[in-house]
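# Reading the structure
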Amino acid sequence: MARMKFICDAERCIECNGCVTACKNEHDVPWGVNRRRVVTLNDGIVGAERSISVACMHCSDAPCKAVCPVNCFYTTDDGVVLHDKDLCIGCGYCFYACPFGAPQFPQAGAFGLRGKMDKCTFCAGGPEKDTSKAETEKYGRNRLAEGKLPACAEMCSTKALLAGDGDVLSDIYRERVMRRGRGGDLWGHATAYGVKASSSPAPVQPAPTQQKS
Amino acid sequence: MISPKLFLALGAVVVVTACGEKPQAVAVKPGQSAAKPDDKPYQNEQFKGDRAAWERTLRARADNQNEYKRVN
């Protein structure tokens, strides 16, 4: 196995928010914390509107890991970036470093006091005994230890959001591009995994607006 | 008027107070994670430490995301 990755095919995402709901439900994420969310670009522009499901991309060279003052992040053998909530001091440095805005902070008290950071775990839990009560309460369900992929991707109705081994995802995406005859915008892929596309995708142009006669 | 002995004793208390303070800094080594060690996802009753079996299961599920294979 190469490493775990997320891919969001912007050509397919229909902004249904099924991934967001699946994540919220699977991990019982508190109000105000969104491990995953759907972002829409060029909203309302015909032909140029694209939606992308965004969460922690589990970067190859994770900037959150680099800036953490207490070194609470670690990367598993499968490339999943996780953190130890017992060490996190809620400083928020990771939030400023992350290019995807993934780290979330629950309100821990009055005057906007930040709690310990919470983010997508690729449904892999955290540094507690796998599938234990402590792990589920702190980090959410550990689906990877059950031999399952992240709930968001498995729930995606159009399979815009793919999760799993990078090699398998590449094969799936390659086949899609071959069949539809054009490359989609793999948003965030180069930022997260440092793999530059052979040719940069052409910018999306809005469709010509029809003038009323 | 404070006696010199009392003055010295109070002075000593003030001077050595910091000696009883416990270090509060987190032991951070650059480039090394301070997180607790995590279990491997295949070290459980279901996979019994068999990484290959775990990988096969995940690969099958990942392949299932390809509807071209699933439908045709």
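Residues numbered from 1 in each chain as written. Chains lettered and ligands numbered in written order. Predicted model: local features only at pLDDT ≥ 70, side-chain atom pairs only at ≥ 80, totals over all residues. Heavy atoms only, no water.

## Section: the overall build of chain A
- Counting its regular elements, chain A contains 7 helices and 6 strands.
- Principal-axis analysis of the C-alpha atoms gives chain A an extent of 60 × 45 × 30 Å.
- Residue pairs at least 24 apart in sequence account for 56% of intrachain contacts in chain A once pairs closer than 6 positions are excluded.
- Of note, chain A has its 27 positive side-chain charges centred 3 Å away from the centre of its 24 negative side-chain charges. (Helix = DSSP H or I, 4+ residues; strand = E, 2+ residues; numbered from the N terminus. Contact = heavy atoms within 4.5 Å. Lys, Arg positive; Asp, Glu negative; His and termini not counted. Charge placed at Lys NZ, Arg CZ, Asp CG, Glu CD.)

## As for the overall build of chain B
- Scanning chain B from terminus to terminus reveals 3 helices and 0 strands.
- When its helices and strands are written in sequence order, chain B yields α-α-α.
- Computed over the C-alpha atoms, the radius of gyration of chain B is 31 Å, more than 25% above the 11 Å expected from 2.2 N^0.38 for a compact globule of 72 residues.
- When the backbone C-alpha atoms are referred to their principal axes, chain B occupies close to 100 × 25 × 20 Å.
- In chain B, which comprises 72 residues, the proportion classed as buried is 18%.
- Element-wise, carbon and sulfur atoms account for 61% of the exposed surface of chain B, whose accessible area totals about 5900 Å².
- A gap of 5 Å separates the mean positions of the 12 positive and 8 negative side-chain charges of chain B. (Rg over C-alpha atoms; globule rule 2.2 N^0.38 Å. Buried < 20%, exposed > 50% of the residue type's maximum accessible area, 1.4 Å probe, protein only. Areas by Shrake-Rupley, 256 points an atom, 1.4 Å probe, with all protein chains shown as cover.)

## Some words on the confidence of the model for chain A
- Chain-level statistics for chain A give a pLDDT mean of 89 and a share of 90% at 70 or above.
- Scored below 50 in pLDDT, residues 197–202 of chain A makes 1 contact in the model with residues more than four places away or belonging to other chains. (pLDDT = per-residue confidence, 0-100.)

## Observations concerning a nonpolar patch on the surface
Residues and elements named next belong to chain B.
- Side chains of Ile2, Leu6, Phe7 and Leu10 sit close together on the surface and give an oily, nonpolar patch of about 420 Å² of accessible area.
- As for its placement among the helices and strands, phenylalanine 7 is situated in helix 1 (residues 4–16).
- Accessibility expressed as a relative area gives 57% for phenylalanine 7, which makes it exposed. (Patch = residues over 30% accessible without salt bridge, like charges linked within 9 Å, V, L, I, M, F, W, Y side chains within 5 Å. Salt bridge = Lys/Arg side-chain N within 4 Å of Asp/Glu carboxyl O.)

## Looking at helix 1 (residues 18–27) of chain A
Residues and elements named next belong to chain A.
- Restricting attention to buried positions, one finds in helix 1 the residues Cys19, Val20, Ala22, Cys23, Glu26 and His27. Down the axis, helix 1 shows its buried residues gathered within 165° of arc, on one side only. Facing away from the buried surface of helix 1 by more than 90 degrees, the exposed residues are Thr21 and Asn25.
- The elements touched by buried residues of helix 1 are strand 2 (37–41), strand 3 (50–54), helix 4 (133–139), helix 5 (151–155) and strand 6 (161–165).
- Aspartate 28 lies just past helix 1 and shows a positive phi near 50°. (Arc of directions from axis to C-beta.)

## Some details on the pairing of strand 1 (residues 4–8) of chain A
Residues and elements named next belong to chain A.
- Extensive coverage of strand 1 is indicated by the burial of 5 of its 5 residues.
- Residues Met4, Phe6 and Cys8 of strand 1 are buried on one face, and the alternating residues Lys5 and Ile7, pointing to the opposite face, are buried as well.
- Relative to strand 6, strand 1 runs antiparallel, the two being bridged by 5 bridges. Pairing of isoleucine 7 across the sheet is with leucine 162, part of strand 6. (Pairing = 2+ DSSP bridges.)

## A few points about the interface of chain B and chain A
- The interface of chain B with chain A comprises 33 residues on the first partner and 41 residues on the second.
- Buried area between chain B and chain A, both sides added, is near 2900 Å², and the carbon and sulfur share of it is 48%.
- When the buried area of chain B at its contact with chain A is split by residue, B:Lys36, B:Gln65 and B:Tyr68 rank highest and sum to 23% of it.
- For the pair chain B and chain A, the number of links is 8 salt bridges.
- The salt bridge involving B:Lys40 is made with A:Asp77; its shortest N-O contact spans 2.7 Å.
- Broken down by element, the side of chain B that touches chain A gets its largest block of residues, 9 residues, from helix 2 (residues 51–63) of chain B.
- For the side of chain B that touches chain A, a count of residues per class yields 12 nonpolar, 9 polar and 12 charged. (Buried area = accessible area lost by both parts, 1.4 Å probe. Nonpolar A, V, L, I, M, F, W, Y, C, P; charged D, E, K, R; others polar.)

## Brief notes about the environment of A:Val29
All names here are of chain A.
- Secondary-structure assignment places valine 29 in the loop between helix 1 and strand 2.
- On the accessibility criterion, valine 29 (10% relative accessible area) is buried.
- With 109 residues separating them along the chain, valine 29 and lysine 138 place their C-alpha atoms 9.9 Å apart.
- Once you skip the residues sitting within four places of it in the chain, valine 29 turns out to touch Cys23, Lys24 and Arg35.

## Comments concerning the confidence of the model for chain B
- For chain B, the average pLDDT comes to 85, and 90% of its residues sit at 70 or higher.
- Here helix 3 (residues 67–71) of chain B is the element of chain B with the lowest mean pLDDT, 81, and helix 2 of chain B is the one with the highest, 95.

## What about the pattern of salt bridges?
- Summed over all chains, the structure comprises 25 salt bridges over all chains.
- Of the charged contacts, one joins B:Arg61 and A:Glu154 as a salt bridge, the two residues approaching to 2.8 Å between their closest N and O atoms. Of this pair, B:Arg61 sits in helix 2 while A:Glu154 sits in helix 5, each in a different chain.
- For B:Arg61, a relative accessible area of 30% corresponds to the partly exposed category.

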